[in-house]
Amino acid sequence: MKFARIRTFLKWTGRLITAGAIVGVILVISTGIYLIRLSKDLPELEALAQYEPPVMSRVHAGDGTIIAEYARQHRVFVPIAAIPTPVINAFISAEDKTFYTHQGVDWKGVVRAALVSARNKIIGRRLVGASTLTQQVAENFLINTEQSFDQKIRKMIIATRIEKVFSKDEILELYLNEIYLGNRAYGVAAASLNYFGKSLDNLSLSEMAFLAALPKGPANYHPIRQKQRAIDRRNWVLSRMLANAYITPEAAAIAQQDDLVSIQRLTGDTYRAAAYFVEAIRREMFSLYGEDQLYDGGLSIRTTLDTRLQQIARTALRESLEEYDRRHGWRGPLQRVDLSAIKDDPFAQIKRPAGIDDDWLLALVVAVSDDLAQIQLADQSMVEIPIPEVKWARKQLNKALLGPNISKVSEVLAPGDVILVKPLGDDSPFFSLQQIPKVNGAIMVMDPHTGRILAMVGGYSHRMSEFNRAIQARRQIGSAFKPFVYAAAIEHDYTPVSLVLDAPFIADGGADTRFYKPQNYESGQFYGLSTMRLGIEKSRNVMTVRLAQEMGMAPIVDIGVRMGIYDELSPVLAMSLGAGETTLWRLMGAYGALVNGGKLVEPSILDRVQDRTGKTILKHDVRECPGCIIADEAPMDKNGLQEPELPDARAQVLDPMTAYQMVSILEGVVQRGSGVRLRSLGKTLGGKTGTTNDLKDAWFMGFSPDLVVGVYTGFDLPSTLGPGEAGSRVALPVFKRFMEKALQDVPNAPFRIPDGVSLVWVDAKTGEIARPDAPGAILEAFRPGTEPSRADRGVRLTIGGFELREQPDEEDDPNAPEEDALDGVY
């Protein structure tokens with residue numbers, strides 16, 4: 001019996017062992033299959049080794065200032081060697097104190113977290129996790145990041161693989177550049193910039209600890225909305241750093257007393273002013289490199305922007321558009337509210353209009369008298385608008401007409417009106433009534449020698465309208481095209497003093513119009529024979545059309561295309577008056593060629609683009625300079641270095657003498673013509689106004705020796721600007737405001753004169769030879785051999801060889817001493 005029981009026991013024991021073995025094998029196989037199934041679509045070791053996180057592209061102004069960032073994930077990749085040790089210690093203390101000892105998974109931590117979570121589950125508290133830094137890195141390789149058991153196992157598998165492929169420092173590098181830390185920041189470098197405006201090596205200990213406090217939940221520790229919780233969490237991180245002997249008790253105590261102060265980055269006047277420019281950069285980069293490279297490729301984009309000039313340009317455009325808008329009356333309040341029905345804050349339901357600057361405030365009119373309007377601001381303060389500040393607000397009528405003059409404030413404002421106001425000054429208790437303009441425009445500033453766009457504002461407000469009128473608006477340019485008509489004439493043996501008849505003109509109007517009968521701006525007035533110079537200075541339409549008919553439209557079509565203004569131009573007379581449509585961008589390049597001696601420059605907003613490794617993938621100046629030859633006479637800079645000679649790759653599209661003759665004539669526009677309002681600036685300037693039919697578009701294209709500035713103004717839906725609102729009144733003030741600030745500290749200098757030009761004293765109106773001291777005498781530029789007759793009295797200055805001599809008439813004694821002399825070199 002005893003042996004039978006033993007046999008039975010052994011038999012069942014064997015069966016149990018066999019069954020257990022079978023179950024064990026099944027479990028092993030099942031676990032293996034389960035793990036294989038979970039890991040079948042996980043990244044291979046090679047993929048992990050080659051992984052590069054997406055990095056944001058950064059846009060720099062010409063002086064290196066960051067003006068924009070493009071990214072799906074705002075990240076600046078920083079090598080582990082460049083990350084300060086205290087930053088690393090802070091994250092290890094907060095997130096994974098056993099990082100340097102585990103192999104991807106902290107099994108003790110897993111068991112401890114399971115026990116704590118089980119207890120917390122019973123008492124209703126938050127569950128805890130045990131993810132290591134490596135496992136947090138692993139999450140970035142998972143497409144599906146749901147918090148399921150399967151995903152946790154997959155994360156463990158990836159973590160063990162990562163530990164096999166990467167060193168601990170490499171894992172830290174991935175983690176510290178990958179982790180999301182709130183405020184649009186991925187990685188510690190981007191978070192350091194976004195929260196504190198600092199690079200990592202400039203952070204204080206308390207700021208480093210704050211960043212390490214964020215991975216558990218950035219929204220829970222926002223430095224403004226959850227400031228006390230953020231400080232408490234930061235101080236906990238500091239205590240863990242102390243416990244791990246990373247910092248001293250003294251350092252911990254000092255850091256825990258620090259306030260938590262964050263910043264708003266990439267905001268303010270500089271960035272607001274650059275909005276149109278930055279968007280133009282984004283569009284160009286998108287077209288060149290595509291979406292992924294732009295937003296994830298870590299491009300370093302060096303632009304041509306001059307931040308000082310950009311702010312000046314924005315202010316000049318906005319103030320001028322506001323000035324025009326005030327000339328054309330009041331369109332009424334933003335909205336009206338019933339004061340008797342207001343119970344709470346009246347501004348709670350009033351939306352601040354987009355596109356206004358910070359010094360414009362929302363206000364509610366609460367009482368009105370003949371001389372004052374009492375208004376309430378959003379901060380509940382009560383201020384006043386005196387009657388002089390509403391005098392401009394005449395009622396706006398159709399066709400840019402105005403209602404009667406204002407004699408009482410009550411004729412403009414009423415209680416319950418919601419309006420915009422602006423303080424008259426820091427010390428003034430009064431405010432002025434404001435209105436967002438409906439008219440719009442654009443301004444561009446360019447270096448004429450390189451084509452670099454130094455400033456570009458495409459409208460009154462980028463927040464109101466992203467449409468860039470400098471680049472995208474195709475409009476007629478009116479008289480701004482005339483300089484190129486006259487340049488074509490000079491190329492065909494005309495001179496600045498050639499006479500053209502300004503008299504009534506009628507030509508065949510083609511299929512659409514029976515007759516073409518151009519008029520001067522002063523309708524019905526004609527001035528007879530006039531010099532070409534006078535035709536430009538006074539912007540005579542009829543003279544220009546007659547000149548175009550005399551020489552034919554072919555040269556005009558040629559120069560319009562050659563200078564880059566048009567791709568093609570219909571050979572009809574109206575095109576000589578700028579009836580063809582183009583953009584301010586294209587016109588800038590053409591005017592740049594006038595200033596720089598006839599060299600074609602393509603406007604550019606990009607200087608250089610580098611990829612994430614620092615390799616240059618685009619460069620505006622493509623000239624090579626291997627072993628540049630330095631001329632013996634090349635000037636030295638302050639460091640004793642000489643400037644190398646570089647090849648000039650710019651195409652010569654206009655003869656240098658012809659270009660200077662037009663510059664000289666356009667300088668006359670400022671001295672005596674339609675741009676005379678600029679003369680008060682006391683700077684060397686030239687330019688040309690432009691106005692289209694029915695006063696729908698107004699232009700001013702102007703320049704100094706080293707800047708070209710173009711201005712366009714008009715309504716987006718073309719309509720008249722109003723009586724008298726020509727280029728000289730609407731667009732020119734933008735140019736004037738800009739140049740007054742831009743050239744404030746720039747020494748005045750004359751325009752560059754090419755070798756060989758002959759300068760002859762002539763009468764500015766008649767073009768006849770004149771003595772230098774004669775009233776209205778100017779130095780006119782001629783190509784040698786085209787000067788006025790030597791029989792006419794005058795003084796001739798030959799630039800080539802710097803010869804200066806008086807031209808005697810037939811009755812003068814050629815041996816008589818000179819009565820006049822010119823000082824200096826021309």
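Fair warning: this is a prediction, and the values are worked out from it, not measured in the lab. (Residues numbered from 1 in each chain as written. Predicted model: local features only at pLDDT ≥ 70, side-chain atom pairs only at ≥ 80, totals over all residues. Heavy atoms only, no water.)

1. A word on the sheet that holds strand 5 (residues 300-303)
What links the strands of a sheet is backbone hydrogen bonding, and the strands pair in either a parallel or an antiparallel sense. Selection rule: Pairs of strands are assigned from DSSP output, requiring at least two bridges between the strands. Under the scheme used here, helices are H or I runs from DSSP no shorter than 4 residues and strands are E runs no shorter than 2 residues, and both carry numbers assigned from the N terminus. Angles run from 0 to 180 degrees between N-to-C directions of axes, and those axes are lines fitted to C-alpha atoms, restricted for helices to the stretch in contact. We call two residues in contact whenever any of their non-hydrogen atoms come within 4.5 Å of each other.
Pairing within the open sheet is mixed, and its 5 strands lie in the order 2-1-5-20-21. A single partner strand is all that each edge strand has here, and the edge strands are strand 2 (66-70) and strand 21 (616-619). Direction aside, the axes of adjacent strands within the sheet are offset by 15° on average. Sheet analysis places strand 1 (residues 57-60) next to strand 5, joined by 3 bridges and oriented parallel. From the neighbouring strand, H60 faces strand 5, where its bridge partner is R302. Against the sheet, helix 13 (residues 275-296) engages strand 1, strand 2, strand 5, strand 20 (606-610) and strand 21, with an angle of about 35° to strand 2.

2. Some details on the pattern of salt bridges
To be explicit about the condition: The term salt bridge refers to a pairing of a side-chain nitrogen on Lys or Arg with a carboxyl oxygen on Asp or Glu at a separation within 4 Å. Throughout, exposure labels follow a simple rule: accessible area from a 1.4 Å probe, protein chains only, divided by the maximum for the residue type, with under 20% read as buried, over 50% as exposed, and the rest as partly exposed.
With the rule as written, the count across this model stands at 41 salt bridges. Across the salt bridge formed by R737 and E319, the nearest N and O atoms sit 3.4 Å from each other. Within this pair, whereas R737 is found in helix 22 (residues 732-742), its partner E319 is found in helix 14 (residues 307-327), the two being separated by 418 residues in sequence. The class for R737 is partly exposed, based on a relative accessible area of 24%. A salt bridge links D648 to R650, with the shortest nitrogen-to-oxygen separation between them at 2.9 Å. Overall, D648 belongs to the partly exposed group, its relative accessible area being 40%. A cluster of three or more residues bridged by salt bridges with shared partners is formed by D269, R272, R314, R318, D357 and D358.

3. Observations concerning the pairing of strand 5
Relative to strand 20, strand 5 runs antiparallel, the two sharing 4 bridges. The residue of strand 20 that forms the bridge with R302 is R608.

4. Observations regarding the pairing of strand 24 (residues 707-714)
Counting buried residues in strand 24 gives 8 out of 8 residues, a clear majority hidden from the surface. Residues L707, V709, V711 and T713 of strand 24 are buried on one face, and the alternating residues V708, G710, Y712 and G714, pointing to the opposite face, are buried as well. Across 7 bridges, the pairing between strand 12 (residues 440-446) and strand 24 is antiparallel. Bridged to M446 within strand 24 is V708. Bridge count between strand 23 (residues 697-704) and strand 24: 8 bridges; the pairing is antiparallel. Bridging across to strand 24, G702 finds its partner in V709. Counting the residues between successive antiparallel strands, the hairpin from strand 23 to strand 24 contains 2 residues.

5. A look at unusual backbone geometry
A positive phi angle is found at R184, which is not glycine, with a value near 65°. Mapped onto the secondary structure, R184 falls in the loop between helix 7 (168-178) and strand 4 (185-186). Among the residues examined, R184 registers a relative accessible area of 41% and is labelled partly exposed. The backbone of L695 shows a phi angle near 55°, a positive value even though the residue is not glycine. As for its placement among the helices and strands, L695 is situated in the loop between strand 22 (686-691) and strand 23. Judged by its relative accessible area of 17%, L695 is buried.

6. Side note on the confidence of the model for the chain
Atom-level detail of predicted coordinates should not be read off regions where pLDDT is low. Formally: On a range of 0 to 100, pLDDT expresses the predictor's confidence in each residue.
Averaged over all residues, the pLDDT of the chain equals 86, while 84% of them reach at least 70. Across residues 792-826, where pLDDT falls below 50, the model places 74 contacts with residues more than four positions away in sequence or in other chains.

7. Comments concerning the environment of V445
Within the secondary structure, V445 sits in strand 12. With a relative accessible area of 0%, V445 lands in the buried category. Sequence separation of V445 and F703 is 258 residues, and the distance between their C-alpha atoms is 9.3 Å. Not counting the four nearest positions on each side in its chain, V445 is found in contact with L309, R452, I453, L454, A455, M588, L707, V708, V709 and F738.

8. Details of the side chain of S576
Just so we agree on the cut-off: Residues adjacent in sequence count toward polar contacts only when both atoms are side-chain atoms; beyond that, a polar contact is any pair of N or O atoms within 3.5 Å, and within protein one must be able to donate a hydrogen and the other to accept it.
By the secondary structure assignment, S576 is in the loop between helix 18 (554-562) and strand 19 (581-582). Looking at S576, the relative accessible area reads 0%, which means it is buried. Here the side chain of S576 touches L573 through a polar contact of 2.6 Å, landing on its backbone oxygen.

9. Here we look at the layout of surface pockets
This is how the line gets drawn: A 1.4 Å probe that fits into a set of points on a 1 Å grid over the protein atoms alone but cannot get out defines a cavity; an open set with protein on both sides within 12 Å along at least five of seven lines defines a pocket, and lining residues are those with an atom within 4 Å of a point. Grid points are joined across faces, edges and corners, and a volume is the space filled by probe spheres set on the points. Gly is placed with the polar residues, together with every amino acid not listed as nonpolar (Ala, Val, Leu, Ile, Met, Phe, Trp, Tyr, Cys and Pro) or charged (Asp, Glu, Lys and Arg).
Its boundaries defined by the atoms lining it, the second largest pocket holds a volume of some 820 Å³. Lining of the second largest pocket is provided by 35 residues; of these, S479, N520, Y521, N541 and T691 occupy positions nearest its centre. At the level of elements, strand 22 and helix 21 (727-730) are the ones that each hand at least two residues to the lining of the second largest pocket. Counted by class, the lining of the second largest pocket contains 9 nonpolar, 18 polar and 8 charged residues.

10. Details of the packing of helix 9 (residues 205-213) against helix 10 (residues 227-243)
Rule in force here: Oblique is the label for any angle not covered by the other classes, which are roughly parallel (under 35 degrees), roughly antiparallel (over 145) and roughly perpendicular (65 to 115).
Direction vectors running N to C along helix 9 and helix 10 enclose 105°, while the axes themselves pass 8 Å from each other. As far as their axial angle goes, helix 10 and helix 9 are roughly perpendicular. Between helix 9, through L205, S206, A209, F210, A212 and A213, and helix 10, the contact on the second element is made entirely by A230, R233, R234, V237, L238 and M241. Residue composition of the contact of helix 9 with helix 10, by class: 9 nonpolar, 1 polar and 2 charged.

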